Amino acid sequence: MRYSQYLLPTLKETPADAEVISHQLMMRAGMIRKVAAGIYSYLPFGLRSLRKMEQIIREEMDRAGAIECLMPMANPAELWQESGRWEKYGKELLRFKDRKGADFCMGPTHEEVITDIVRNTVSSYKQLPLNLYQIQTKFRDEIRPRFGLMRGREFIMKDAYSFDIDDSGADTSYAKMYQAYRNIFNRCGLKFRSVEADSGTIGGNFSHEFMVLAESGEDAIVSCDSCEYAANVEKAELLYGELETPAATMELQSVDTPGQKSIAEVATFLELSPHQLLKTLIVQTADDEVVAVLLRGDRELNPIKLANLLDTDAVHMAEDKVVKEVTGAPTGFAGPIGLKIKVIADTEIKGMADFVVGGNGVDLHFTGVNQGRDFTVSQFADVRQAEAGDPCPRCTSGKFESWRGIEVGHIFKLGTKYSEAMNATVLDAQGKSQPLVMGCYGIGAGRTVAAAIEQNHDENGLILPMPLAPFQVLVTMVNPKDDQVREAAEKLYRQLLDLGLEVLLDDRDERPGIKFKDGDLIGIPLRVTVGARSLKEGNVELKERRSGEVSLVPVADVVDQLQQLVADALAFTVES
Ligand code: ATP
Ligand code: MG
């Protein structure tokens with residue numbers, strides 16, 4: 001490709017609305033342009049990376065025995081009504097009507113469509129296992145689209161669906177996908193963790209997320225510093241050990257705490273540390289149940305664990321009006337004493353005595369509070385967020401480290417949720433009709449490229465790893481008006497193309513400074529500079545973008561060297 005004839009609109013300035021580095025650099029390096037909130041066009045340079053990502057996914061899915069298909073974006077409402085998700089999905093599902101008034105939605109995921117295909121085409125266990133995948137555009141009307149391709153409304157996902165006759169078959173299919181995902185992200189050269197994840201309302205307890213480690217990640221994960229355990233904090237289990245409730249040593253006392261609301265304020269006021277206080281949260285479930293949740297003062301609630309415990313879709317902090325109704329006081333003074341609602345205490349609290357709680361009255365707290373004596377806990381449960389330093393529940397000797405991560409892939413064991421709802425059955429070896437046991441497996445292609453940029457850049461621009469880089473080699477003519485330079489660069493360009501390398505030839509009539517700056521920004525891994533001075537000595541300059549290392553290479557050797565460097569950078573060993 002010739003730069004002079006290519007569309008590569010680089011920007012000097014960082015666009016004001018681009019908060020994270022990948023969004024900034026994708027805009028500046030001319031990879032994407034915004035069309036509407038969360039909706040982007042891929043310009044040619046960005047599309048090349050996206051297509052490479054897709055191809056890596058495709059090859060590893062094929063290697064794992066999955067088969068590619070392609071489903072439509074427009075999904076008829078009937079299928080979604082059958083699964084029950086037409087009602088349940090909420091506002092992320094973009095719904096519309098066709099000219100005849102029939103209801104449709106833009107597919108945010110494709111369990112319904114694929115289950116419909118399989119129930120109509122597969123009838124015997126002999127046709128199983130089956131794993132079908134597609135690489136296709138999804139639409140989710142995200143409430144807060146942001147960070148460019150990271151959280152778009154329209155985005156490209158690889159989604160795969162496995163079908164098995166029984167549970168153990170489904171476990172095997174899941175394990176294959178787990179391995180394929182590790183291969184995909186390893187092949188992209190990413191630093192990632194596969195973590196145990198919450199399977200949400202989908203059910204089952206079998207789900208892993210693949211997290212690219214990056215400070216800008218929206219997810220918090222913990223991993224053990226001595227064993228393999230790693231989990232999303234939403235899911236991370238905690239080790240509580242055997243807890244005995246210590247005997248009370250203090251009398252219950254009410255104290256005035258004028259103007260002191262937060263745990264930190266009350267702790268300072270009473271000259272205590274936050275872990276001697278209890279937090280009382282008044283929480284409302286999606287089904288409108290109101291409960292009180294007790295946590296040690298320095299801990300955070302894990303809303304997902306609480307929602308799972310209460311068997312509800314989600315929980316949120318109760319509105320001020322509800323808090324007033326159940327505690328008799330405005331928000332900020334709640335405590336467990338005298339409450340008429342269910343009191344759920346984090347398990348850790350079982351081991352505590354003589355603590356401080358809110359007094360259910362303005363500017364009022366209680367000290368010397370003891371469970372059993374002063375109030376009753378309805379249920380102890382693990383409802384807090386894991387933190388760095390918590391002991392590992394698996395090996396029990398290690399400690400958690402915490403990381404930020406970008407979720408690039410998610411695999412689920414679905415079980416029979418969709419096959420039962422949609423009557424997708426096959427005959428087993430005994431001729432008996434069985435619901436298919438399913439799994440589903442997603443990877444965000446655009447999000448993964450963005451995540452790769454979060455991990456691979458410097459102050460001058462992109463440093464995409466070779467497997468995802470839009471081009472492998474940049475050949476820069478320092479001065480295209482110099483006949484010798486032009487001819488040598490053109491020759492090199494042709495030789496590299498003939499070898500099948502992906503080359504961008506910077507043949508623009510621009511100052512060298514501009515070319516080098518753009519070269520750094522677009523971050524093509526290998527850059528060959530053809531200039532008059534070195535050419536006189538029979539050399540060109542070879543620069544590696546990542547290390548910044550520059551070497552002079554004889555013109556006669558450079559083609560072989562580049563070919564070798566590219567091959568080495570693409571080499572990859574499959575784990576199995
Ligand atoms: P998130 O929690 O980030 O919203 P999700 O759990 O909704 O993700 P899945 O339904 O598991 O995501 O989708 C599979 C994959 O699709 C994700 O791992 C991610 O890589 C990608 N993805 C999901 N939502 C978006 C989005 N809004 N923009 C870009 N990629 C997305
Ligand atoms: Mg989502």
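So, a few notes on the structure that sits alongside this text. (Residues numbered from 1 in each chain as written. Chains lettered and ligands numbered in written order. Predicted model: local features only at pLDDT ≥ 70, side-chain atom pairs only at ≥ 80, totals over all residues. Heavy atoms only, no water.)

Contact pair helix H1 (residues 21-28) / helix H11 (residues 445-455): the axes reach a minimum separation of 8 Å and the direction vectors enclose 100°. In terms of orientation, H1 lies roughly perpendicular with respect to H11. Facing Ile21, Ser22, Leu25 and Met26 of H1, the residues of H11 in contact are Val449, Ala450, Ile453 and Glu454. Looking at the contact of H1 with H11 residue by residue, the classes come out as 6 nonpolar, 1 polar and 1 charged. (Axes fitted to C-alpha atoms, helices over the stretch in contact; angles between N-to-C directions. Helix = DSSP H or I, 4+ residues; strand = E, 2+ residues; numbered from the N terminus. Parallel < 35°, antiparallel > 145°, perpendicular 65-115°, else oblique. Contact = heavy atoms within 4.5 Å. Nonpolar A, V, L, I, M, F, W, Y, C, P; charged D, E, K, R; others polar.)

Let's shift gears to the pairing of strand E1 (residues 32-36). Pairing between E1 and strand E2 (residues 39-42): 4 bridges, direction antiparallel. Each residue of the ladder has a partner; that of lysine 34, found in E2, is tyrosine 40. The loop that links E1 with its antiparallel partner E2 comprises 2 residues; one of these, glycine 38, has a positive phi angle of about 70°. (Pairing = 2+ DSSP bridges.)

Turning next to unusual backbone geometry. In this structure, proline 129 follows leucine 128 across a cis peptide bond, with omega equal to -5°. Mapped onto the fold, proline 129 is located in the loop between helix H5 (111-121) and strand E7 (130-139). Not every positive phi belongs to a glycine, and asparagine 360 is a case in point at roughly 55°. Along the chain, asparagine 360 turns up in the loop between strand E18 (355-358) and strand E19 (364-369). Backbone geometry at threonine 396 places phi at a positive 65°, although glycine is not the residue there. Its place among the elements puts threonine 396 in the loop between strand E20 (379-381) and strand E21 (400-415). Relative accessible area serves as the criterion here: at 47%, threonine 396 is assigned to the partly exposed category. (Buried < 20%, exposed > 50% of the residue type's maximum accessible area, 1.4 Å probe, protein only.)

With that settled, the discussion passes to the sheet that holds strand E5 (residues 95-97). Adjacent strands of a sheet form backbone hydrogen bonds with each other and so pair up, either parallel or antiparallel. Spatially, the 3 strands line up as an open sheet ordered E4-E6-E5, and their pairing is antiparallel. Where the open sheet ends on each side, the last strands, each with one partner, are strand E4 (74-76) and E5. The mean inter-strand angle of the sheet, taken between neighbouring strand axes irrespective of direction, is 40°. Strand direction decides the pairing type here: E5 and strand E6 (residues 103-106), joined by 3 bridges, are antiparallel. If you follow phenylalanine 96 over to E6, its bridge partner there is phenylalanine 104.

Turning to the site of ligand 1, a few remarks are in order. Close contacts around ligand 1 come from 14 residues, with Glu142, Arg151, Gly152, Glu407 and Val408 the closest. Within the contact set of ligand 1, an oxygen atom lies 3.0 Å away from a backbone nitrogen or oxygen of glycine 444. Contact with the protein chains hides 82% of the accessible area of ligand 1, taken as 580 Å² for the molecule alone. Those elements that provide at least two residues to the shell around ligand 1 are strand E8 (154-164) and E21. At 4 residues, the largest contribution of residues to the shell around ligand 1 is made by E21. (Near = heavy atom within 4 Å. Polar contact = N/O pair within 3.5 Å; in protein donor to acceptor, adjacent residues only side chain to side chain. Areas by Shrake-Rupley, 256 points an atom, 1.4 Å probe, with all protein chains shown as cover.)

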